[in-house]
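Here is how the chains run, residue by residue.
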Amino acid sequence: MSVMTAADHRIPQDLADSLVTPPAYADGRIFETYRRLRSNEPLGVARIEGVDPFWVVTRHADILEVSRQNDLFHNGDRSPTLIGQEGDRKVREMMGGSPHLLRTLIHMDAPDHLKYRALTQAWFMPQNLKRLEDQIRVIAKAAVEKLAAATDAEGVGHCDFVQAVALHYPLRVIMSIMGVPQDDEPRMLKLTQELFGAADPELARDAGTPPEERDFDFSVIIDFSNYFRALSESKRADPKDDLATVIANSQVDGAPISDLEAMSYYIIVATAGHDTTSSSTAGALWALAENPAEFAKVKADLSLIPALVDESIRWTTPVKTFMRTATEDVDLAGRDIKKGDWLMLCYASGNRDEAVFEAPDEFHADRRPNKHLAFGYGAHLCLGQHLAKMEMRILWEELLPRLSELALDGAPAMSEAVFVNGPKRLPIRYRMS
Ligand code: HEM
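Residues numbered from 1 in each chain as written. Predicted model: local features only at pLDDT ≥ 70, side-chain atom pairs only at ≥ 80, totals over all residues. Heavy atoms only, no water.

Further remarks concern the sheet that holds strand β14 (residues 427-432). Strand pairing in a sheet is mediated by backbone hydrogen bonds. Such pairs are either parallel or antiparallel. One open sheet accounts for three strands, arranged β4-β14-β11; its pairing is antiparallel. Only two strands of the sheet have a single neighbouring strand rather than two, namely β4 (156-160) and β11 (403-408). Taken over all neighbouring pairs, the strand axes of this sheet differ in orientation by 25° on average, direction set aside. Across five bridges, β4 lies against β14 in antiparallel orientation. Paired with glycine 157 across the two strands is tyrosine 430, which belongs to β14. Contacts from helix α15 (residues 275-290) reach β11 and β14 within the one sheet, and its direction differs from that of β11 by about 90°. (Pairing = 2+ DSSP bridges. Helix = DSSP H or I, 4+ residues; strand = E, 2+ residues; numbered from the N terminus. Axes fitted to C-alpha atoms, helices over the stretch in contact; angles between N-to-C directions. Contact = heavy atoms within 4.5 Å.)

See the structure below:
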């Protein structure tokens, strides 16, 4: 890559450091970092020891500009997620020089990307999802019933909403669509939490070990792959009307997709398919518990539910960052980006951009329009966005009419991660009819 000579656009060290500090994403510091970057250096260079330098893209308009130019800004030329030099070296050593441990849609560019996306695209289109609505509603009703059953004689209940509903509802939805047996859901949940929570002291697989002593850990990916390899074999032997069967029998250019590509496909759908939705659901409930006026607003007018869903996704922005690599020298918002430069797209910053959102640090359940970037943009625009919105809508349709009171009942907590994060604990006190 180029050496990035733009010394004048180097961002202050404390801000650069917070971008790579997982606790900063849990305690809210990251939003102050983003705010200062947007107003002082919206497209600057972060230089951090042990990490290749990267451009930090914090403005809504610039994130869109990069995301829509998929030929100019590639996903697959370097790691599409932030990784340190030592981790990158280990991945390349293990993968015969490739910077990728997996080969998901996120790691691909044209022409492969479209071909692989087309394999499952029809499954995620609203027309197909419509036929799943009843099945998803049954799962939502069960989740709401569980909350109601946990109340006392006065109708009052206490729970950690993350554990009680937010984690398990989207998990059951995506696993039933994939065709993963229900008994295996706890295993899927644990592996996903270990993958995305690798930097969180409570969620990481080697949680007892201090971060600086942890080795780069490939074992979660290996465990996922072993599980899905067996599932894939069973779906080939006994095909079903589910997504795992589609992936197991996928062909590109007339040949079956490779083992690495198939395992990567399973892993991205299984992980992205519930963790993000869980986070957005819990993020919304947290905001409603803290803002009684917003809670009253949606309860009084259930037609606001689609707006509530969009706002909860903007508010939480579970996918904090993805990386791109410039394929040519290019001028971007007055900056001299060189071929090979690495860029961090800070979606959660774009989603708090004062130039686009009025009162961006406030949760408005009826925010319209809501041009959030939480699903990305361009060729890689989230494949599961319609599913995510539909399942959240259905849950609120079932829950809000019955939930009459809601308040925090202790301190909530966010997970510590620079890539994907969200609420990991949300104690609430509630009343239900
Ligand atoms: C609130 C929920 C969700 C959020 C915030 C979210 C966010 C994202 C983001 C930011 C991207 C990258 C977009 C880009 O690079 O432009 C993405 C891609 C993707 N998402 Fe989601 N996602 C969510 C739910 C889901 C669900 C439910 C599924 C699947 C079942 C899913 C599957 C995928 C896949 C397969 C990709 C890769 C698409 C590609 O590269 O072509 N996501 N998502």
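Read on, since the account is not over.
Further remarks concern helix α6 (residues 112-121). Burial in α6 covers these residues: His113, Tyr116, Arg117 and Thr120. The buried residues of α6 occupy one face: seen down the axis, they fall within an arc of 100°. Every exposed residue of α6 that faces more than 90 degrees away from the buried side is listed here: Leu114 and Ala118. Taken together, the buried residues of α6 touch α13 (243-248), β5 (251-252) and α14 (259-272). (Buried < 20%, exposed > 50% of the residue type's maximum accessible area, 1.4 Å probe, protein only. Arc of directions from axis to C-beta.)

The next point concerns the sheet that holds strand β7 (residues 321-326). Taken in spatial order, the five strands line up as β1-β2-β10-β7-β3 in an open sheet, and their pairing is mixed. Only two strands of the sheet have a single neighbouring strand rather than two, namely β1 (43-48) and β3 (73-74). Alignment of β1 against strand β2 (residues 51-57), held across five bridges, turns out to be antiparallel. The partner of alanine 46 across the bridge, within β2, is phenylalanine 54.

With that settled, the discussion passes to the coordination of the iron atom of the ligand. Counting protein donors around the iron atom of the ligand gives one, Cys382 (SG), at 2.3 Å. With respect to the element layout, cysteine 382 can be found in the loop between α18 (347-350) and α19 (385-399). (Donors = N, O, S within 2.8 Å, 3.2 Å for Na, K, Ca; no water.)

Our next topic: empty space enclosed by the protein. For the structure shown, the criterion picks out one cavity of 30 Å³ or more. By volume, the largest cavity is sized at about 30 Å³. As for the largest cavity, its lining consists of Arg103, Thr104, Leu105, Met108, Tyr116, Glu261, Ser264, Tyr265 and Ile268. A per-element tally of the lining of the largest cavity places α14 first, with four residues. Grouping the constituent residues of the lining of the largest cavity by class yields five nonpolar, two polar and two charged. (1 Å grid on protein atoms, 1.4 Å probe; cavity = no way out; pocket = protein on both sides within 12 Å on 5 of 7 lines; lining within 4 Å. Points joined across faces, edges and corners; volume = space filled by probe spheres on them. Nonpolar A, V, L, I, M, F, W, Y, C, P; charged D, E, K, R; others polar.)

Near the ligand there are 29 residues, and of these His113, Arg117, Arg324, His380 and Cys382 occur at the shortest range. At 2.9 Å from an oxygen atom of the ligand is found a side-chain nitrogen or oxygen belonging to arginine 324. Looking at the shell around the ligand, the elements that each hand over two or more residues are α6, α14, α15, β7 and α19. In terms of residue count, α15 provides more of the shell around the ligand than any other element does, three residues in total. Among the residues making up the shell around the ligand, the classes are represented as 19 nonpolar, eight polar and two charged. (Near = heavy atom within 4 Å. Polar contact = N/O pair within 3.5 Å; in protein donor to acceptor, adjacent residues only side chain to side chain.)

Their axes nearest at 9 Å, the elements helix α10 (residues 168-178) and α14 cross at an angle of 150°. When the axes of α10 and α14 are compared, the pair comes out roughly antiparallel. Counted together, Ile174, Met175 and Met178 of α10 and Tyr266, Val269 and Ala270 of α14 form the full contact between these two elements. When the residues that make up the contact of α10 with α14 are grouped by side-chain class, the tally is six nonpolar, no polar and no charged. (Parallel < 35°, antiparallel > 145°, perpendicular 65-115°, else oblique.)

What follows covers the nonpolar core. Of all hydrophobic cores here, the largest spans 111 residues; its most connected members are Leu19, Phe54, Tyr169, Met178, Phe228 and Trp396. No other element matches α19, which puts eight residues into this core. Val66, Leu72, Ile337 and Leu373 belong to the second largest nonpolar core, which has 21 residues in total. (Core = buried A, V, L, I, M, F, W, Y, C linked by side-chain atoms within 4.5 Å.)

So, about the layout of surface pockets. When its volume is computed, the second largest pocket comes out at roughly 290 Å³. Residue lining of the second largest pocket: 15 residues in total, with Phe31, Trp286, Trp315, Arg352 and Met414 positioned closest to the centre. Looking at the lining of the second largest pocket, the elements with two or more residues in it are α2 (22-26), α15 and α17 (305-316). Sort the elements by how many residues they give to the lining of the second largest pocket and α15 lands first, with four residues. Taken together, the residues that form the lining of the second largest pocket break down as eight nonpolar, three polar and four charged.

Helices that pack against each other are described as a pair by the angle of their axes relative to one another and the distance between those axes. Contact geometry for α10 and helix α11 (residues 185-196): axes closest at 11 Å, N-to-C directions at 110°. The angle between α10 and α11 falls in the class roughly perpendicular. Here α10 and α11 pass one another in a crossing that is right-handed. Residues His168, Leu171, Arg172 and Met175 of α10 touch α11, and the partners they reach there are Glu185, Met188 and Leu189. Here the residues of the contact of α10 with α11 are counted per class, giving four nonpolar, one polar and two charged. (Left-handed = near helix turned anticlockwise from the far one by under 90°.)

Moving on: the side chain of serine 279. Relative to the elements of secondary structure, serine 279 occurs in helix α15. Not counting the four nearest positions on each side in its chain, serine 279 is found in contact with Thr316, Pro318, Asn421, Gly422 and Pro423.

Right, let's talk about the packing of aromatic side chains for a bit. Evaluated as defined, the whole model comprises nine aromatic pairs. Measuring from centroid to centroid gives 5.1 Å for phenylalanine 228 and tyrosine 266, while their planes differ by 10°, and the two rings are stacked. Note that phenylalanine 228 is positioned in helix α12 (residues 219-237) and tyrosine 266 in helix α14, a separation of 38 residues in sequence. Each member of the pair, phenylalanine 228 as well as tyrosine 266, is classed as buried. Between the aromatic rings of phenylalanine 322 and tyrosine 347, the centroid separation amounts to 6.4 Å while the plane-to-plane angle is 80°, which identifies the pairing as edge-to-face. Of this pair, phenylalanine 322 sits in strand β7 while tyrosine 347 sits in helix α18, and the two are 25 residues apart along the sequence. The same class applies to phenylalanine 322 and to tyrosine 347, which are both buried. Every member of this aromatic cluster is reached through a ring pair, and the members are Phe196, Phe322, Tyr347 and Phe419. Over the ring of tyrosine 116 we find arginine 103; its NZ or CZ atom is 5.8 Å from the centre of that ring. Here the guanidinium or amino end of arginine 131 rests over the ring plane of tryptophan 123, the centre of that ring lying 5.2 Å away. (Phe/Tyr/Trp six-rings, centres within 6.5 Å; stacked < 30°, edge-to-face > 60°. Lys NZ or Arg CZ within 6 Å of the ring centre and 35° of its normal.)

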